[in-house]
Amino acid sequence: MNYDAVIKFALEEGFYYPSCEIYSDAQAGFWDYGPRGVSLKNKFVELWRRELVRRDEMIEIDGSQIMSKSVFIASGHIENFNDPIVKCIKCSSIYRADRYIMDHLNILVPERMNDKEIDQLIIKHNIRCDKCKGELGNVSRFNMMFRIGIGPNAEEAYLRPETCQTIFVDFIRIYKIMRKRLPLAIAQIGKSFRNEIAPRQSLLRLREFYQAEIEVFCNPNHLNDIEKFEKVKDTVLRIYANGKMHILKAEETINTLVPNKLIAYYLALLTQFYERCGIDINRTRFRKLEDDEKAFYATTAFDFEVETSVGWLELVACNYRSDYDLSRHEKVSRESMSVMDGNEKIIPHVFELSMGIDRSLYTILEHSLIEDKEHERRVLKIRSYLAPVHVGILPLVNKDGLDVYALKIFEDIKKDFDAIYDFSGSIGRRYRRLDEIGAPFAVTIDNKTLEDNTITVRERDSMKQERIAADKLKDYLLTRIRFE
RNA sequence: GCGGGAUUGAUCUAGUGGUUAUGAUACUGGCUUCCCAAGCCAGCUGCGCGGGUUCGAAUCCCGCAUCCCGCACCA
């Protein structure tokens, strides 16, 4: 399915839709998850906990979304997370100042150049607006962080632009109390906020969005002492670097494409996780970033990208952040961030997996939504453990006590599964409705049920049915829906 | 943020100044129906927001917002 079809599907079925849509002053870049979307998201998060957090014995925290100014002085966001912009006095066109000058003068403008120097360059070379030849105003700064005021005096603070800052500022306490050793991974799911200039494409570019971030704290001198790497050494990594694809077992990438075992290990875990999300892994790649593409804190970076109808989409940023964050926080807060690793006293380095949840959910939908022309149906062929609804309970006809029997079954399982009871419309119509929201199973109660207490279970993808004892339904669903 | 296009029920859509705004799908209730979008009856939802022109605006004009395309932006 393509992007437009997924958007329409999401609106119709209640996966997600624009926030505040009944008001005309609703702002772009904010979307709500509806009933089906929340159910999908919750299951995605549970899979993430299962396949990453618990599997790798990570620690999960949940931090505040509002953080103090000092955090972002230390993190570099106050200084770096903004762009110098100039505005045309005449026609109000806005340009990114440093790039505009580079394009016009063919010179390199260093990132650290201050606003006055940029102003002088503009005046000296009489740079004018491309569109109307009007004069340009003074440089101003647009910071992508949402600044907010705390309390009656509106003390300066910010909505976090990435969840990981919580992990960095909490690190030393967690390390001291949790009795863990390096490498130690701390994970968090939560909202982040970025004041994008022009958000577009629904869940793909939001001003308020969910991240699942994993920060692996490690000793830079032991990046190849990773015993658990053995468990994933045969996992195939798809790496795009130097202009071509490399499809190799994890162990074959070490020292060539991937600098060490620790990074390769987590790239492998990530690959396995997304495979279990039902994303077509043959349409994914880890793209090794060139120096000019990397974030200001990264030394090695891979983007995990997936092919969609709108092109390659970045789902996860994997950055080796070295000791940038902890050292900066140590300097600004004057709290020591050193820990003992064996006999070494070090400031840990950090390897980060920064997942975009909203984009991941979008991709799962796009890769799972199928137009089944043969059976005239739209089917969400999503993994059963991610399905927003697990099972529909349907009386074949709405009389003869079948409805009563069906309701009893529904009451019996509704606390253990996401189940819906549906008696309205023909049986075929009800199957179609369940197919559309990806319910992997439909249970039908018919006359035979009244005689021998058996029911039929219909499978979404094959449309095949089998008859089982009604009192075995719970076991049946448990084995078929559980995480594999 | 700039330029262009668009905005009519949940979804798609007809409607270029004049009765009560069109149709389809979907949805709801009922009848029928023992297994895959059948049929019949009944029903619920709508002109993005604000201002102007006009006797009269979904329709013309202006502003704002959102969506789409391109540019720019994307730590």
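As shown above, the structure is provided for reference.
Residues numbered from 1 in each chain as written. Chains lettered and ligands numbered in written order. Predicted model: local features only at pLDDT ≥ 70, side-chain atom pairs only at ≥ 80, totals over all residues. Heavy atoms only, no water.

Colleague: Pulling in residues and values, what's your account of the overall build of chain A?
Modeller: The helix and strand tally for chain A stands at 15 helices and 26 strands. Projected onto its principal axes, the C-alpha coordinates of chain A cover approximately 90 × 65 × 55 Å. Burial analysis of chain A (484 residues in total) assigns 52% to the buried set. Within chain A, contacts between residues at least 6 apart in sequence are counted, and of these 65% link residues at least 24 apart. Of the side chains in chain A, 73 bear a positive and 77 a negative charge, and the two mean positions are spaced by 1 Å. (Helix = DSSP H or I, 4+ residues; strand = E, 2+ residues; numbered from the N terminus. Buried < 20%, exposed > 50% of the residue type's maximum accessible area, 1.4 Å probe, protein only. Contact = heavy atoms within 4.5 Å. Lys, Arg positive; Asp, Glu negative; His and termini not counted. Charge placed at Lys NZ, Arg CZ, Asp CG, Glu CD.)

Colleague: Summarise the nonpolar core; cite the residues concerned and give the values.
Modeller: The biggest cluster of nonpolar side chains holds 76 residues, and the ones touching the most others in it are Tyr16, Trp48, Tyr266, Tyr274, Phe351 and Met355. Among the elements that line this core, the one with the most residues is helix α9 (residues 261-276), at 11 residues. Looking at this core, you find at least three residues from each of domain 1 (3-75 + 152-367) and domain 3 (378-481). The contacts of Trp48, once residues within four sequence positions are left out, are Val53, Glu60, Ala187, Gln188, Ile189, Ala212, Glu213, Ile214, Phe273 and Met355. By size, the runner-up hydrophobic cluster in this structure holds 21 residues, among which are Leu402, Ile455, Val457 and Ile468. (Core = buried A, V, L, I, M, F, W, Y, C linked by side-chain atoms within 4.5 Å. Domains from an automatic or database assignment.)

Colleague: Any details on the environment of Ile455? Residues and values, ideally.
Modeller: The residue Ile455 is located in strand β25 (residues 454-459) in this model. Separated by 11 residues in the primary sequence, Ile455 and Glu466 place their C-alpha atoms 8.2 Å from one another.

Colleague: Explain the sheet that holds strand β16 (residues 311-322) to me, using residue names and the numbers behind them.
Modeller: Taken together, the nine strands give an open sheet; going across it, the order is β3-β10-β11-β19-β16-β15-β14-β12-β13, and neighbouring strands pair in mixed fashion. Of all strands in the sheet, those with a lone pairing partner are β3 (59-61) and β13 (244-249), marking the two edges. Neighbouring strand axes in the sheet, compared pairwise and without regard to direction, differ in orientation by 25° on average. (Pairing = 2+ DSSP bridges. Axes fitted to C-alpha atoms, helices over the stretch in contact; angles between N-to-C directions.)

Colleague: Give a detailed account of the environment of Ile239, specifying residues and quantitative values.
Modeller: Among the secondary structure elements, Ile239 is positioned in strand β12 (residues 236-241). Ile239 gets classed as buried once you look at its relative accessible area, which sits at 0%. Residues Ile239 and Leu267, 28 residues apart in the sequence, show an inter-C-alpha distance of 9.9 Å. Look past the residues within four positions of Ile239 in its chain and what remains in contact with it is Lys244, Met245, His246, Thr253, Leu257, Val258, Phe286 and Phe302.

Colleague: Explain the pattern of salt bridges residue by residue, including any values.
Modeller: Between side chains of opposite charge, a pair can form as their charged atoms come close. By the definition in use, this model includes 34 salt bridges. Residue Lys228 is joined to Asp56 by a salt bridge in which the shortest nitrogen-to-oxygen separation is 3.0 Å. Separated by 172 residues along the polypeptide, Lys228 in the loop between β11 (208-218) and β12 and Asp56 in the loop between α2 (35-54) and β3 bring together distant segments of the chain. According to the relative accessible area criterion, Asp56 is buried, its value standing at 7%. With a closest N to O distance of 3.1 Å, Glu411 and Lys414 form a salt bridge. On the accessibility criterion, Lys414 (37% relative accessible area) is partly exposed. (Salt bridge = Lys/Arg side-chain N within 4 Å of Asp/Glu carboxyl O.)

Colleague: Tell me about the sheet that holds strand β26 (residues 465-469), residues and numbers included.
Modeller: Taking strand neighbours across the sheet as the criterion, the five strands line up as β23-β22-β24-β25-β26 in an open arrangement whose pairing is mixed. The outermost strands of the open sheet, each flanked by one partner alone, are β23 (419-421) and β26. Going from strand to strand, the sheet's axes swing by 25° on average, the running direction of each strand aside. Looking at chain direction, strand β22 (residues 391-395) and β23 are connected through three bridges and run parallel. What sits directly across from Gly392, in β23, is Ile420. Lying on the sheet, helix α13 (residues 427-436) is in contact with β22, β23, β24 (441-445), β25 and β26; it crosses β22 at an angle near 170°.

Colleague: Can you explain helix α7 (residues 164-177)? Please cite residues and give values.
Modeller: Relative to the 20 Å expected for 14 residues at 1.5 Å per residue, α7 spans 19 Å between its end C-alpha atoms, a close match to the ideal helical length. Helix geometry: α7 is bent most strongly at Asp170, by close to 55°. The complete set of buried residues in α7 reads Cys164, Gln165, Thr166, Ile167, Phe168, Phe171, Ile172, Ile174 and Tyr175. Just beyond α7, the residue with positive phi is Arg179, at close to 55°. (Expected span 1.5 Å × (residues − 1). Bend = angle between axes of the 7 residues up to and from the residue.)

Colleague: Go over helix α1 (residues 3-13) with me, naming the residues and quoting the values.
Modeller: Along α1, the residues that are buried comprise Tyr3, Val6, Ile7, Phe9, Ala10 and Glu13. When α1 is viewed along its axis, its buried side chains cluster within an angular range of 165° and face the same direction. Of the residues in α1, the exposed ones pointing more than 90 degrees away from the buried face are Asp4 and Lys8. Buried residues along α1 sit in contact with β1 (16-18), α2, α11 (357-368), β20 (369-372), β21 (377-380) and α13. The N-cap residue of α1 is Asn2: its side-chain oxygen and the backbone nitrogen of Asp4 are 3.2 Å apart. At the C-terminal side of α1, Gly14 shows a positive phi close to 80°. (Arc of directions from axis to C-beta. Polar contact = N/O pair within 3.5 Å; in protein donor to acceptor, adjacent residues only side chain to side chain.)

Colleague: Report on empty space enclosed by the protein, specifying residues and quantitative values.
Modeller: In this approach a probe as big as a water molecule rolls over the atoms, and the regions it shows empty are the leftover space. Counted under the stated rule, the structure contains one cavity of 30 Å³ or more. Looking at the largest cavity, its volume works out to about 40 Å³. Val236, Arg238, Thr271, Ile281, Thr284, Arg285, Phe286 and Phe304 are the residues that line the largest cavity. At three residues, strand β14 (residues 284-288) tops the list of elements feeding residues into the lining of the largest cavity. A breakdown of the residues in the lining of the largest cavity according to their chemical character gives four nonpolar, two polar and two charged. (1 Å grid on protein atoms, 1.4 Å probe; cavity = no way out; pocket = protein on both sides within 12 Å on 5 of 7 lines; lining within 4 Å. Points joined across faces, edges and corners; volume = space filled by probe spheres on them. Nonpolar A, V, L, I, M, F, W, Y, C, P; charged D, E, K, R; others polar.)

Colleague: Mind laying out the packing of α7 against helix α10 (residues 324-333), listing which residues take part and the relevant values?
Modeller: Angle between the axes and distance between the axes are the two parameters that describe a pair of packed helices. Two numbers describe how α7 lies on α10: the axes approach to 10 Å, and their chain directions differ by 60°. In this structure, α7 meets α10 at a crossing whose hand is right-handed. Seen from α7, the contacting residues are Gln165, Phe168, Val169 and Phe171; seen from α10, they are Asp325, Leu326 and His329. Grouping the constituent residues of the contact of α7 with α10 by class yields four nonpolar, two polar and one charged. (Left-handed = near helix turned anticlockwise from the far one by under 90°.)

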